[in-house]
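# Descriptive analysis of the structure
Below are the chains, spelled out letter by letter.
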Amino acid sequence: MNNLILIILGMAAVTYIPRLLPFLLLSNKQIPKRVDAFLKCIPVAAIGALIIPGVFSATPDMPMAAASGMAFTIIIGLWRGGIIIPVLGSVAVTYLVLFFAA
Amino acid sequence: MTKEVRDAFKSGIPIFIGYVPAAIAFGILSKGCGITLLESFLFSAVVFAGASQFIALNLLMTGMGPGGIILTTLLVNFRHFLMSAYLSTRIGKMAKRYKFMMAFGVTDEVFSVLSFQKGRLSKTFIFILEISAYAGWVTGTLAGYILGGFLPEILTKSMGVALYALLLAMLLPEIKKSVKALILTIGSGLLNTILIKLDFLPNGWTIIVCILVIALAGSFFIVDEVQEEIYE
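Values in this document were obtained by computation on a predicted structure and should not be read as measured data.

## Re the packing of helix α2 (residues 37–47) of chain B against helix α3 (residues 50–62) of chain B
Residues and elements named next belong to chain B. Look at α2 against α3: their axes get within 10 Å of each other, and the N-to-C directions meet at 140°. Between α2 and α3, the interaxial angle falls into the category oblique. For the element pair α2 and α3, the recorded crossing hand is right-handed. Residues F43, S44 and V47 of α2 touch α3, and the partners they reach there are Q53, A56 and L57.

Set out below in structure tokens:
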């Protein structure tokens, strides 16, 4: 099983290095405008792909449940904003839909 | 408690809640693969990367050697390179000194929360967020391994929704302000869906392609905007 420890350490290295390198390479540099504009768009681009299509299979047996939770987040999020209530509320709504549908 | 600390916990708690059920699943699965408790713990504590840990278990079961598993992990997690590149432009002076520790905790969700904070990112905010995420991932793994499926299935499934809800809740104010953000988000989601359906990219790379293509498209919007401001 020493083999497995080796795998874990190797995985840790190849996970950590890409997370670290940009901090070493970019931190003190002046970044050209065009590149800066590109970097600024990374969050929205990444989050779009992180949510879609994954969210549609969050509750695979009953996609309606996750969809109801998301609808709650959208309504409360647009209306009042915030994080805790939209998130915990969506968990509660999803739970209730799954609970009563089962 | 300062506002900064409160805000950090407000985003840290949803990440914790979202990571626990996924980590429990990892703990259960790793036990099923015949891995010891210590090894399962090390996976989560040292690698700390959700999807690639599940993939590694799968590959282990198929009998793939260390080289293949490590290479796959590199491919799956390479998207964090782009996320760190963005974050490196956002951290404050004080936070820079801690970059070696900070870089370890750059997960999809931590990145997402950090990217929507206004102004320079402080080390307090970053570390509260990363420690919440890490605590959820590691304790969940141990709980799953030791206790097995102790939470009802519908509860863990609903808890998993927290991560999507968190991303969405942070995105909404952005979308409300700018139609471009909405277009880019949906464009990225559509592109990702198509790429997954086409099924020719290795795991983790559909997101990389989406980031590159959509952020590049977006950068033209933004630069145009800057130039418009100059001309006005």
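So much for the structure itself; the text now carries on.
## Some words on the environment of G160(B)
Residue and element names in this part refer to chain B. Within the secondary structure, G160 sits in helix α10 (residues 153–177). For G160, a relative accessible area of 23% translates into the label partly exposed. Placed 138 residues apart in sequence, G160 and A22 show a C-alpha to C-alpha distance of 7.1 Å.

## Focus: the packing of aromatic side chains
Summed over the entire model, instances satisfying the criterion amount to 14 aromatic pairs over all chains. Look at F78(B) and F81(B): their rings are 5.2 Å apart centre to centre, the planes differ by 10°, and that puts the pair in the stacked class. Accessibility expressed as a relative area gives 24% for F81(B), which makes it partly exposed. Put simply, the rings of Y19(B), F26(B), F43(B), F54(B) and W137(B) touch in pairs and so form one group of aromatic residues. Here R80(A) stacks its cationic end above the ring of W79(A), 5.6 Å away from the centre of that ring. The ring of Y145(B) has K31(B) lying over it, and the distance from NZ or CZ to the ring centre is 5.6 Å.

## With respect to the packing of helix α8 (residues 108–115) of chain B against α10(B)
Packed helix pairs are characterised by how far apart their axes lie and by the angle those axes make with each other. Residues and elements named next belong to chain B. In contact at an axis separation of 10 Å, α8 and α10 are set at 20° when each is read in the N-to-C sense. What the angle tells us is that α8 and α10 run roughly parallel. Between α8 and α10 lies a crossing of left-handed hand. Of the residues in α10, those touching α8 at E109, S112 and V113 are L163, L166, L167 and M170. Partitioned by chemical class, the residues of the contact of α8 with α10 number five nonpolar, one polar and one charged.

## A look at the interface of chain A and chain B
Facing the 67 residues of chain A at the interface are 85 residues of chain B. Between chain A and chain B, roughly 6900 Å² of surface is buried when both sides are summed, and carbon and sulfur atoms account for 82% of that area. At the junction of chain A and chain B, the tally comes to one salt bridge. Across the pair D61(A) and K157(B) runs a salt bridge, and its minimum N-O distance is 3.4 Å. Where chain A meets chain B, there are 13 residue pairs in polar contact (both at pLDDT 80 or more). Going through the elements one at a time, α1 (2–26), α2 (33–51), α3 (63–79) and α4 (84–101) of chain A are the ones with two or more residues in the side of chain A that touches chain B. Broken down by element, the side of chain A that touches chain B gets its largest block of residues, 20 residues, from α1(A). Within the side of chain A that touches chain B, the residues separate by chemical class into 49 nonpolar, 13 polar and five charged.

## Concerning the nonpolar core
Ranked by internal contacts, the top residues of the largest apolar core, which has 73 residues, are I42(A), I51(A), I15(B), L87(B), F111(B) and L114(B). Contacts of L87(B), omitting those with residues within four sequence positions, involve F23(A), V106(B), F111(B), L114(B) and L121(B). L4(A), A12(A), L57(B) and I70(B) belong to the second-largest nonpolar core, a separate cluster that totals 19 residues.

## A word on the pattern of salt bridges
All names here are of chain B. What the rule picks out here adds up to seven salt bridges over all chains. The partner of D7 in a salt bridge is K3, and the shortest N-O contact between them spans 2.8 Å. Taken together, the residues D7 and K3, both in helix α1 (residues 3–32) and four residues apart, mark about one turn of the helix. For K3, a relative accessible area of 56% puts it in the exposed group.

## Section: the domain arrangement of chain B
All names here are of chain B. Looking at the assigned domains, one finds that chain B contains domain 1 (3–164) and domain 2 (178–232). Taking only C-alpha atoms into account, the centre of domain 1 sits 25 Å from that of domain 2. Contacts between the two partners involve seven residues from domain 1, matched on the other side by eight residues from domain 2. Here domain 1 packs against domain 2, burying approximately 650 Å² in sum over the two surfaces, 82% of which is carbon and sulfur. Summed over the three residues of domain 1 that lose the most area to domain 2, namely L75, R79 and L82, the buried surface amounts to 64% of that side. Across the domain 1-domain 2 interface, the total number found is zero salt bridges. Across the contact surface, domain 1 and domain 2 share one residue pair in polar contact (both at pLDDT 80 or more). Elements represented by at least two residues in the side of domain 1 that touches domain 2 include exactly α4 (66–77) and α5 (79–88). Looking at the side of domain 1 that touches domain 2 element by element, the count peaks at three residues for α5.

Quick notes on the rules
- Residues numbered from 1 in each chain as written.
- Chains lettered and ligands numbered in written order.
- Predicted model: local features only at pLDDT ≥ 70, side-chain atom pairs only at ≥ 80, totals over all residues.
- Heavy atoms only, no water.
- Axes fitted to C-alpha atoms, helices over the stretch in contact; angles between N-to-C directions.
- Helix = DSSP H or I, 4+ residues; strand = E, 2+ residues; numbered from the N terminus.
- Parallel < 35°, antiparallel > 145°, perpendicular 65-115°, else oblique.
- Left-handed = near helix turned anticlockwise from the far one by under 90°.
- Contact = heavy atoms within 4.5 Å.
- Buried < 20%, exposed > 50% of the residue type's maximum accessible area, 1.4 Å probe, protein only.
- Phe/Tyr/Trp six-rings, centres within 6.5 Å; stacked < 30°, edge-to-face > 60°.
- Lys NZ or Arg CZ within 6 Å of the ring centre and 35° of its normal.
- Nonpolar A, V, L, I, M, F, W, Y, C, P; charged D, E, K, R; others polar.
- Buried area = accessible area lost by both parts, 1.4 Å probe.
- Salt bridge = Lys/Arg side-chain N within 4 Å of Asp/Glu carboxyl O.
- Polar contact = N/O pair within 3.5 Å; in protein donor to acceptor, adjacent residues only side chain to side chain.
- Core = buried A, V, L, I, M, F, W, Y, C linked by side-chain atoms within 4.5 Å.
- Domains from an automatic or database assignment.

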